[in-house]
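These are the residues of each chain, in order.
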Amino acid sequence: MLNEFKEFAVRGNVIDMSIGVIIGTTFAKIVESLVDDVIMPPFSLIFGQVDFSNMYINLSGQHFDTFSEAQEAGVPMINYGAFLNHAVHFLLIAFVLFLFVRQINQIRRPQEDPLLNMKTKVCPHCCQSMAFKATRCPSCTSELEDFRGPVKQHPTYVRIKRKSSS
């Protein structure tokens, strides 16, 4: 059992996953800091103080001047302000993550058609299908035009034989 546990723990995907979790946690702290320390102060300056945490609905019949007084009294209340704070925080973090991922994707991917590797073309000489980027037909070995240029494809004709009524 000890050998099986050792094999499981040192497997590549478990280690990769743990590294991903550690990097993800650190990245989450960076994004939260960016939202809380860089984006929220100007946002609060422009739109006023964006803190809904003191908004609540008192479910008891008693009157309280502040949220903290009601909380100390232990009365039942719906804290919709805290929910709004979390919702705004989530939207800002989601937007910042979207901007990060968008930039990373633009850096990583080439500026060509993403489906180019999945496209095929037909050899004009032997009518065999091949990869769109191919410059030579794998079946008849004839040279083809560059994959960036137009490839002439002959139309396909189908003959239909009718059954004779005998």
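Residues numbered from 1 in each chain as written. Predicted model: local features only at pLDDT ≥ 70, side-chain atom pairs only at ≥ 80, totals over all residues. Heavy atoms only, no water.

Looking only at helices and strands, the protein chain has 4 helices and 4 strands in total. Counting from the amino terminus, helix and strand elements in the protein chain follow one another as α-α-β-α-β-α-β-β. Looking at the 166 residues of the protein chain, the share that counts as buried comes to 14%. Partitioning the intrachain contacts of the protein chain with sequence separation of at least 6 by distance along the chain shows that 32% fall at a separation of at least 24. (Helix = DSSP H or I, 4+ residues; strand = E, 2+ residues; numbered from the N terminus. Buried < 20%, exposed > 50% of the residue type's maximum accessible area, 1.4 Å probe, protein only. Contact = heavy atoms within 4.5 Å.)

To continue, consider the packing of aromatic side chains. In this structure the tally under the stated criterion is 2 aromatic pairs. Each ring, one from Phe-27 and one from Phe-100, has its centre 5.2 Å from the other, and the planes form 70 degrees; the classification is edge-to-face. Here Phe-27 is found in helix H2 (residues 12-47), whereas its partner Phe-100 is found in helix H4 (residues 80-108), with 73 residues between them in sequence. (Phe/Tyr/Trp six-rings, centres within 6.5 Å; stacked < 30°, edge-to-face > 60°.)

Mapped onto the fold, Lys-121 is located in strand E3 (residues 120-122). Note on Lys-121: relative accessible area 2%, which makes it buried.

Within the element layout of this structure, His-63 appears in the loop between strand E1 (57-58) and helix H3 (67-73). Of note is the side chain of His-63, whose polar atom sits 3.1 Å from the side chain of Asp-65. (Polar contact = N/O pair within 3.5 Å; in protein donor to acceptor, adjacent residues only side chain to side chain.)

Before going further, it helps to examine H4. Here H4 contains 29 residues, and its C-alpha end-to-end distance of 41 Å stays within 8% of the 42 Å for a straight helix at 1.5 Å per residue. The set of residues buried in H4 consists of Gly-81, Leu-92, Ile-93 and Val-96. (Expected span 1.5 Å × (residues − 1).)

Let's shift gears to the confidence of the model for the protein chain. Across the protein chain, the average pLDDT comes to 79, with 81% of residues at or above 70. Of all the helices and strands in the protein chain, helix H1 (residues 2-9) carries the lowest mean pLDDT, 79, while strand E2 (residues 77-78) carries the highest, 88. (pLDDT = per-residue confidence, 0-100.)

On the surface, Met-55, Ile-57, Leu-59, Ile-78, Tyr-80, Phe-83 and Leu-84 cluster together to form a nonpolar patch covering roughly 630 Å² of accessible area. Among the elements that make up the nonpolar patch, the one with the highest residue count is H4 (3 residues). Along the chain, the position of Met-55 falls in the loop between H2 and E1. Since its relative accessible area comes to 33%, Met-55 is described here as partly exposed. (Patch = residues over 30% accessible without salt bridge, like charges linked within 9 Å, V, L, I, M, F, W, Y side chains within 5 Å. Areas by Shrake-Rupley, 256 points an atom, 1.4 Å probe, with all protein chains shown as cover. Salt bridge = Lys/Arg side-chain N within 4 Å of Asp/Glu carboxyl O.)

With that out of the way, let us pick up the environment of Val-96. In this structure, Val-96 sits in helix H4. In sequence terms Val-96 and Ile-39 are 57 residues apart; their C-alpha atoms lie 9.5 Å from each other. Apart from residues no more than four positions distant in its own chain, Val-96 is found in contact with Val-31, Leu-34, Val-35 and Ile-39.

A few words on the pattern of salt bridges. Considering all chains together, one arrives at 1 salt bridge under this definition. A salt bridge links Glu-143 to Arg-136, with the shortest nitrogen-to-oxygen separation between them at 3.1 Å.

With that settled, the discussion passes to unusual backbone geometry. A positive phi angle, close to 65 degrees, is found at Cys-127, a residue other than glycine. On the secondary structure map, Cys-127 appears in the loop between E3 and strand E4 (129-131). For Thr-141, which is not a glycine, the phi torsion comes out positive at approximately 60 degrees. Looking at where Thr-141 falls in the secondary structure, it is placed in the segment after E4.

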